[in-house]
Amino acid sequence: MIRFVTLNEGKYREVSGMLEGAGFECEMLAIDYPEIQCDTLEEVVKSSMAQLTGKIEGDFLIDDSGLFISSLGGFPGVYSSYVYQTIGLEGVLRLLQDVENRAAEFRCCFGLCFEGRNVLFVGGVQGMITQEKRGEGGFGYDPIFVPAGAEKTFAEIPTEEKNKLSHRGKALEKVLEFLKEQ
Ligand code: ITT
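Anyway, here's the lowdown on the structure attached to this text. (Residues numbered from 1 in each chain as written. Predicted model: local features only at pLDDT ≥ 70, side-chain atom pairs only at ≥ 80, totals over all residues. Heavy atoms only, no water.)

Structural notes on the nonpolar core
Among the nonpolar cores identified, the biggest contains 20 residues, and L19, L61, F110, L112, V175 and L179 are the most heavily contacted of them. Elements supplying a minimum of two residues to this core: β1 (2–5), α1 (9–21), β4 (103–114), β5 (117–129) and α6 (167–181). A total of 6 residues in this core trace back to one element, the largest contributor, which is α6. L19 has contacts with I2, F24, C26, L61, L176 and L179, leaving out every residue within four places of it along the chain. Residues I69, L93, V125 and I144 belong to the second largest nonpolar core, which totals 16 residues. (Core = buried A, V, L, I, M, F, W, Y, C linked by side-chain atoms within 4.5 Å. Buried < 20%, exposed > 50% of the residue type's maximum accessible area, 1.4 Å probe, protein only. Helix = DSSP H or I, 4+ residues; strand = E, 2+ residues; numbered from the N terminus. Contact = heavy atoms within 4.5 Å.)

Quick look at the structure:
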């Protein structure tokens, strides 16, 4: 049994689908803990794991993700959650009004505490920011992100398809490989 510590139901939907599909039991643990501000997702995950160690029984998983927009120097990046809650998707689209270079990358870093050992797994996907929101599925920034080589946003495709292409799906493949080796 792996406890996925998150308040984000969209993340849980994606992660539980993949874990259960691979035969691992999974449960959502909605614990709110302070996330310290760091320069990288990896640092955020390490500090969060240190805070949670000893407070959760058994193996657990956490996920810190962000959207890194090239023309904005990687913003919102580690501030993605705050930016989503404040200026939102419309605000991000406004920042990119008349900006030609719309390249962006979604990144995900998982922290897995397995039998007392902490291990990190990362994944990323390149893509573009759309001109307007498209699609009703997914969560967060999905309606404004089109992965490279595709035409639909992450909000316009089913979860299983997003999992095959996404930062989280790629990072979780590495988690699954690790778990299968144990
Ligand atoms: P936790 O409880 O797991 O921390 P959170 O929503 O606060 O949930 P993050 O800090 O990792 O998670 O997320 C940063 C922001 O990026 C947040 O607004 C998410 O909705 C968004 N985000 C993360 N992964 C995403 C994805 O796959 N698609 C769209 N938006 C995503």
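Okay, back to it.
Considerations on the side chain of D142
In this fold, D142 is placed in the loop between β5 and β6 (145–147). Polar contacts involving the side chain of D142 include one to the side chain of K162, which spans 2.9 Å. Look past the residues within four positions of D142 in its chain and what remains in contact with it is E14, F106, T153, F154, A155 and K162. (Polar contact = N/O pair within 3.5 Å; in protein donor to acceptor, adjacent residues only side chain to side chain.)

Digging into the packing of α1 against α6
Running from N to C, α1 and α6 point in directions that differ by 40 degrees, and their axes come no closer than 10 Å. Overall, the two elements α1 and α6 adopt an arrangement that is oblique. Helix-helix and strand crossings are classified by hand; for α1 and α6 the assignment is right-handed. Residue-level contacts link K11, E14, V15, M18 and L19 of α1 to R168, G169, L172, E173, L176 and L179 of α6. Looking at the contact of α1 with α6 residue by residue, the class counts come to 6 nonpolar, 1 polar and 4 charged. (Axes fitted to C-alpha atoms, helices over the stretch in contact; angles between N-to-C directions. Parallel < 35°, antiparallel > 145°, perpendicular 65-115°, else oblique. Left-handed = near helix turned anticlockwise from the far one by under 90°. Nonpolar A, V, L, I, M, F, W, Y, C, P; charged D, E, K, R; others polar.)

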